[in-house]
Amino acid sequence: MKQVGLLFFPAFDWSLGNSHPEREERLLYTRDQIFEEGIMDLPQYREYAPKLAREKDVARTHALLPGPEHILTPPHLVAAGGTLTLAKALMDGEIERGFAMVRPPGHHAMHTVYGNRGFCTINNVAVLANFLRHEYGLKRIAIVDTDVHHGDGTQDIFYHDPNVLYISIHQDGRTLYPGSGFTGERGGPRAWGQTLNIPLPPGTGDDGLLYVLEELVLPALAEFKPELVINSAGQDNHFTDPLANMQITAKGYGDLTRLLKPDLAVLEGGYAIETALPYVNLAILLAMAGMDYAGINEEYPAPVDTVPLSMIKPLVESVRTMKTKAPPLREWHTAERGVFYDTEYIWEKRSEKIKGCLDCPGLHLTYTGSGRAPGPRPEHLVIRLPFDTCPSCRLEAEKTLAEAQKRGSFRTVYWQDQAGDRFFYLDGQIREMKDG
Amino acid sequence: MLIGIDVGGTYTDGVAVNEEGEILAVAKYPTLRDNLLESLTGCLDQVMSGLSPLQVKRVSVSTTLLTNAVLQDKLEKTALLVIPGPGLDPTVLPFGVRPNVVAGAIDFRGRELAPVQPAQVKSLLMELIEAGHSGVAVAGKFAQRNNSHELKVESYALEHYPGLRVELSHRLCGSLNFPRRANTTYLTASSRTLFRHFLDQLEAGIRTRGITAPLYVLKADGGTLPLAAAARTPVETVYSGPAASVLGVLALLPEAETAVVMDIGGSTTDLGLILDGKPLLSSRGAEIGLFKTQVHSFAVTSANVGGDTPVEVVGGRINLGERRCGPAYCLGGSAPTPTDALRYLGLCEHGSLELAREGMESLASSLAVAPPEAARAVMEQVVERIATSFRQMVQCWEDEPAYRVWEVLHPHRMKRFKIFGVGGAAQGITPLVAEQLEAQWEAPEIGRVANALGAALAVPTFSCSLRADTGAGLYSIAETGVQLPWPNGRGGMEQARNLLSKHFRQRAWELGLTAAAGEITREEVFNVVRDSVTEGRIIEIGMELKAGVMTRVKGEERQ
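Residues numbered from 1 in each chain as written. Chains lettered and ligands numbered in written order. Predicted model: local features only at pLDDT ≥ 70, side-chain atom pairs only at ≥ 80, totals over all residues. Heavy atoms only, no water.

## Re the overall build of chain A
Step number 1: Per the secondary structure count, chain A includes 10 helices and 17 strands.
Step number 2: Compactness check: chain A gives a C-alpha radius of gyration of 21 Å against a globular reference of 22 Å for 436 residues, within 12% of the reference.
Step number 3: Each principal axis of the C-alpha distribution contributes one length, and for chain A these read about 65 × 45 × 45 Å.
Step number 4: Here chain A, with 436 residues, has 65% of them falling under the buried criterion. (Helix = DSSP H or I, 4+ residues; strand = E, 2+ residues; numbered from the N terminus. Rg over C-alpha atoms; globule rule 2.2 N^0.38 Å. Buried < 20%, exposed > 50% of the residue type's maximum accessible area, 1.4 Å probe, protein only.)

Printed below as a string of structure tokens:
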């Protein structure tokens, strides 16, 4: 029997602050529940210990500004490394599927990172996906984000990537952080439709969630035909979560997992640490092993006033029949945006230029700056050569680098060559990202 | 003078050693399968010949009684009653026997979610008694956080069915893992009478020999306990044999050494680890047949190969059998074995060289090679099996889960180590294994009775763990099941330490131990925050009296 891999890393010695939701206590009761159940003794499971992620594993996904030493700390490398540990076990055929129950979470961390936002610094799931592409040559990966908050970080990282399908089901951005994830956000011109956002009204219950899954998510997956499905498994859709307003139960999470059949699930948010997490984590674990989770009962009575299915159905229909067309492919596609880092009170201003290339996903240039107030001056340049960069985009990238070097107008130039797996920061000197 | 006796599968070994670490006598006595008592006293007589019983300060024994009773199903008829509450379907949980499920539920913070149903418990107990059970083991999920349900079941039982043996899980062990706690409770309940009876006989046997010194029993965690204390928790005495060998090696090594203990027996080779002078404990607990338990034990891995493993040629290759079929060919057995290969190669002196040659020649002719080559091929296979088990054991230790950032940044890594071979064929096999693993080695003659030496010199061990939930206003001691209100006060961790010390001393006294100095081995504290207000703390600390030896064996004795 192939086992389900479990990597439990509660980071009992790390927090974002004494009374912060991301504190030592967060997975304490989850530990109590799964250890007391004796899960680790069952033949269906195999436990793994996290290995540290390498600098390069992070560099492949993020531009850490002004340099990795300002951003990266050991807890991030353990959480990201833990997901990679499970990925290796999966790819080496040791396990059938796996659940990385790790802290800190990651899905609000974007392509450029100046600090922590939405409790996230390093995007574990994105690091994982890019690791699988580089290390194991996977071509098509789907990420299904079931955290109650829109995974704006993951969306940002793969927005122009035609080979990663990003689907997010979340509470409507008009009612919840981070205020994004509307149906019109569908991907860049070369990756149109590879981002699928399904905002749901506050109060959606199990039936609504499962309806969306069956009517939108599973068909989208079937059409995309990914080699691997990753679940960003946030648990804050639970009806007792203090930071959101959904009505999902532990059994609902079990059903979701059973239907989605993710190859790898990675914990994101979820802050009802006593009333939800122990039960939801257990339900996901059992569902992953094909075991019965009907016996899991939260101590609270199940929610009653959930949004009726009649309100969810038209919403699903409108997503299904969306008529918006992909933006035309121009020589350069440009985008401007401001990003706010709520945890650390940092403002980022960013302009992006993506080459409209027919031969590859296109060279990706990001001009970015940060400050303590809106509208900071751009001072860093990030040159991303995506997986499968074509020779002409590579040439253009090298030209851009040489020019930036000559003019010396940027504080940092970050060279992110995903295709050639070379990553360095240029700030007076070249600092290569290490492999070990 | 300290006496140690270890009852093994084939031999019962005995040692007398004085407090300065000088060995006074050793004995090897054949184990009588159906009469452990006779094996023990027979061995004791051999050790004591020429020594005065009045000089004896302590007798420690390690026995296979409990392991045998479980594996041969000689336990008393006992029912397992569980209170699983919501969660996993109890029928898939790894209980060693069929569980009888009753209603009731407690959550992880000890809150009652659903009450016990007296009528259901009563009628179930009636059924169980009618089915011939004389005892019942009761285990509730999270009973270590709130024992009220288990206590209620006990009180119904005592009220309505006096005479029924009742064992409650929270009084025996308190670590998280409900199925293991249930199994431990079941084994305790079903073996206590049997074990008590054996110990009574043993005590009588030893007293009639004029020995008035206290008697101790060795446990799986390499510690000893006075007879009376051991009798209460017989399950802790499983696998004390391998533990005894590890301790014996500890007594033969210089301080703070790192070594792999390789105990080569007839049918298996047991591997244990000593890291910087501390034997490695299993992270979860001993497994006895179908029963995964919470019994603390040394992490001992068994390689399925020993001196008597039958060897044959299959498909032009040497093939090692899966189980022992009798002694080596050179000792009158029916099939060639690794012992024959060693004998033939001149690496050991037991048995007839003539027969060993015959055995190797038969293998050699099937392989169409010269006999020495066949013997070497046998040993290559043996070494490979041991080395594979060794690598798995080290891997397992290096891969032990980590739950804190600090642990991941300070991973377990095996550094330079020595292989210490003990047991019958150790002197022949150890150098070969050491060569394969590129390690130093040692296999002194005295290693033949390392197990008995370990028993003789083992110090007492026990642990005491406190968990406080100051918000809920409660604390509990895992090992004894004590659950008490948390005294008001702002002491936090300091107060927890003081309370733990008190309970530790109390437990030492109950176990019949004096002057026990515990070591704090674990301290964790979690702020319990609700709505941005710190409501209290969850504090978990553990104190242990760790395994070790009273004295080390003197250098000249080790030759």
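## A short note on the overall build of chain B
Step number 1: The helix and strand inventory of chain B stands at 14 helices and 27 strands.
Step number 2: Along the longest, intermediate and shortest principal axes, the C-alpha atoms of chain B span 80 × 55 × 55 Å.
Step number 3: Looking at the 559 residues of chain B, the share that counts as buried comes to 57%.
Step number 4: Long-range pairs, those at least 24 residues apart, make up 65% of the contacts in chain B between residues at least 6 apart in sequence.
Step number 5: For chain B, the accessible surface area stands at approximately 22,900 Å², while carbon and sulfur atoms represent 51% of it.
Step number 6: Where the 53 positive side-chain charges of chain B centre and where its 61 negative ones centre are 6 Å apart. (Contact = heavy atoms within 4.5 Å. Areas by Shrake-Rupley, 256 points an atom, 1.4 Å probe, with all protein chains shown as cover. Lys, Arg positive; Asp, Glu negative; His and termini not counted. Charge placed at Lys NZ, Arg CZ, Asp CG, Glu CD.)

## Points about the domain arrangement of chain B
All names here are of chain B.
Step number 1: According to the domain assignment, chain B consists of domain 1 (78–190) and domain 2 (462–545).
Step number 2: In this structure, domain 1 and domain 2 have C-alpha centres spaced 25 Å apart.
Step number 3: Taken residue by residue, the interface counts 12 residues in domain 1 and 13 residues in domain 2.
Step number 4: A buried area of about 860 Å², summed over both sides, lies between domain 1 and domain 2, and 31% of it is on carbon and sulfur atoms.
Step number 5: Across the domain 1-domain 2 interface, the total number found is 1 salt bridge.
Step number 6: The partner of Arg109 in a salt bridge is Asp469, and the shortest N-O contact between them spans 2.8 Å.
Step number 7: Between domain 1 and domain 2 we count 6 residue pairs in polar contact (both at pLDDT 80 or more) in total. (Domains from an automatic or database assignment. Buried area = accessible area lost by both parts, 1.4 Å probe. Salt bridge = Lys/Arg side-chain N within 4 Å of Asp/Glu carboxyl O. Polar contact = N/O pair within 3.5 Å; in protein donor to acceptor, adjacent residues only side chain to side chain.)

## Digging into the environment of B:Leu125
All names here are of chain B.
Step number 1: Structurally, the position occupied by Leu125 is in helix H3 (residues 118–130).
Step number 2: Put simply, Leu125 and Ala79 are 46 residues apart on the chain and 9.2 Å apart in space, counted from C-alpha to C-alpha.
Step number 3: With residues near it in sequence (within four places) discarded, Leu125 still touches Leu81, Val136, Ala157, Tyr161 and Leu164.

## Side note on the interface of chain B and chain A
Step number 1: Taken residue by residue, the interface counts 45 residues in chain B and 44 residues in chain A.
Step number 2: Counting across the chain B and chain A interface gives 13 salt bridges.
Step number 3: The tally of links between chain B and chain A comes to 26 residue pairs in polar contact (both at pLDDT 80 or more).
Step number 4: For the side of chain B that touches chain A, the secondary structure elements donating two or more residues are helix H5 (178–207), helix H11 (405–409), strand S26 (519–530) and strand S27 (533–545) of chain B.
Step number 5: When residues in the side of chain B that touches chain A are grouped by element, the largest group, 6 residues, is from S26(B).

## Comments concerning unusual backbone geometry
Step number 1: That bond from A:Leu65 to A:Pro66 is cis: its omega, 5°, falls within 30 degrees of zero.
Step number 2: Topologically, A:Pro66 is positioned in the loop between strand S3 (63–64) and helix H3 (74–91).
Step number 3: Although it is not a glycine, B:Ala256 sits at a positive phi angle of roughly 55°.
Step number 4: Mapping B:Ala256 onto the fold places it in the loop between helix H7 (240–252) and strand S13 (259–264).
Step number 5: Under the relative-accessibility criterion, B:Ala256 is labelled exposed at 52%.
Step number 6: Phi is positive for B:Asp276, which is not a glycine, with a value near 50°.
Step number 7: Within the secondary structure layout, B:Asp276 lies in the loop between strand S14 (269–275) and strand S15 (278–279).

## Quick notes on the domain arrangement of chain A
Residues and elements named next belong to chain A.
Step number 1: Taken domain by domain, chain A comprises domain 1 (3–320) and domain 2 (332–432).
Step number 2: Taking only C-alpha atoms, the centre of domain 1 and the centre of domain 2 are 27 Å apart.
Step number 3: Interface area for domain 1 against domain 2, summed over the two sides, is near 3,100 Å², with a carbon-plus-sulfur share of 51%.
Step number 4: One can count 5 salt bridges joining domain 1 with domain 2.
Step number 5: Measuring nitrogen to oxygen at the nearest pair gives 3.0 Å for the salt bridge that ties Glu69 to Arg431.
Step number 6: At the boundary of domain 1 with domain 2, the tally comes to 27 residue pairs in polar contact (both at pLDDT 80 or more).

## As for the side chain of A:Glu379
Step number 1: Residue placement: A:Glu379 occurs in the loop between strand S13 (364–371) and strand S14 (380–385).
Step number 2: If we ignore the near neighbours within four places in the chain, the residues touching A:Glu379 are A:Thr368, A:Gly369, A:Ser370, A:Phe410, A:Arg411 and A:Thr412.

## Quick notes on helix H10 (residues 391–407) of chain A
All names here are of chain A.
Step number 1: Over its 17 residues, H10 extends 24 Å from the first C-alpha to the last, a length consistent with the 24 Å expected when each residue adds 1.5 Å.
Step number 2: For H10, every residue scored as buried is listed here: Cys393, Ala397, Thr400, Leu401 and Ala404. For H10, the angular spread of the buried residues around the axis is 100°, confining them to a single face. Looking at H10, the residues exposed on the side facing more than 90 degrees away from the buried face are Pro391, Leu395, Lys399 and Lys406. (Expected span 1.5 Å × (residues − 1). Arc of directions from axis to C-beta.)

## Some remarks on the state of the cysteines
Residue and element names in this part refer to chain A.
Step number 1: Applying the stated criterion across every chain, the model contains 0 disulfides over all chains.
Step number 2: Here Cys393 stays unpaired: no disulfide links it, and the sulfur of Cys360, its closest cysteine neighbor, is 3.6 Å away.
Step number 3: Accessibility expressed as a relative area gives 0% for Cys393, which makes it buried. (Disulfide = S-S within 2.5 Å.)

## A look at helix H7 (residues 250–260) of chain A
Residue and element names in this part refer to chain A.
Step number 1: When you tally the buried positions in H7, you get 8 out of 11 residues, the bulk of the element.
Step number 2: Along H7, the positions that sit buried rather than exposed are Ala250, Gly252, Tyr253, Gly254, Asp255, Leu256, Thr257 and Leu260.
Step number 3: Contact partners of the buried residues in H7: strand S6 (141–145), helix H6 (206–224), strand S9 (228–233) and helix H8 (277–288).
Step number 4: Just downstream of H7 lies Lys261, where phi reads positive at about 45°.

## Notes on the packing of helix H1 (residues 36–48) of chain B against H5(B)
All names here are of chain B.
Step number 1: At a closest axis distance of 10 Å, the pairing of H1 and H5 adopts a crossing angle of 25°. The angle between H1 and H5 places the two elements in the roughly parallel class. Handedness of the H1/H5 crossing: right-handed. Touching Leu36, Leu37, Leu40, Thr41 and Leu44 of H1 are Phe198, Gln201, Leu202, Gly205 and Ile206, all from H5.
Step number 2: Counted by class, the contact of H1 with H5 contains 7 nonpolar, 3 polar and no charged residues. (Axes fitted to C-alpha atoms, helices over the stretch in contact; angles between N-to-C directions. Parallel < 35°, antiparallel > 145°, perpendicular 65-115°, else oblique. Left-handed = near helix turned anticlockwise from the far one by under 90°. Nonpolar A, V, L, I, M, F, W, Y, C, P; charged D, E, K, R; others polar.)

## Section: the packing of helix H1 (residues 28–36) of chain A against H8(A)
All names here are of chain A.
Step number 1: Axis separation between H1 and H8 bottoms out at 8 Å; the angle between their running directions is 50°. In terms of orientation, H1 and H8 fall into the oblique class. Viewed along their axes, H1 and H8 form a crossing whose handedness is right-handed. Here H1 contributes Tyr29, Thr30, Gln33 and Ile34 to the contact with H8, which in turn contributes Leu277, Pro278, Tyr279, Asn281, Leu282 and Leu285.
Step number 2: A per-class count over the contact of H1 with H8 returns 7 nonpolar, 3 polar and no charged.

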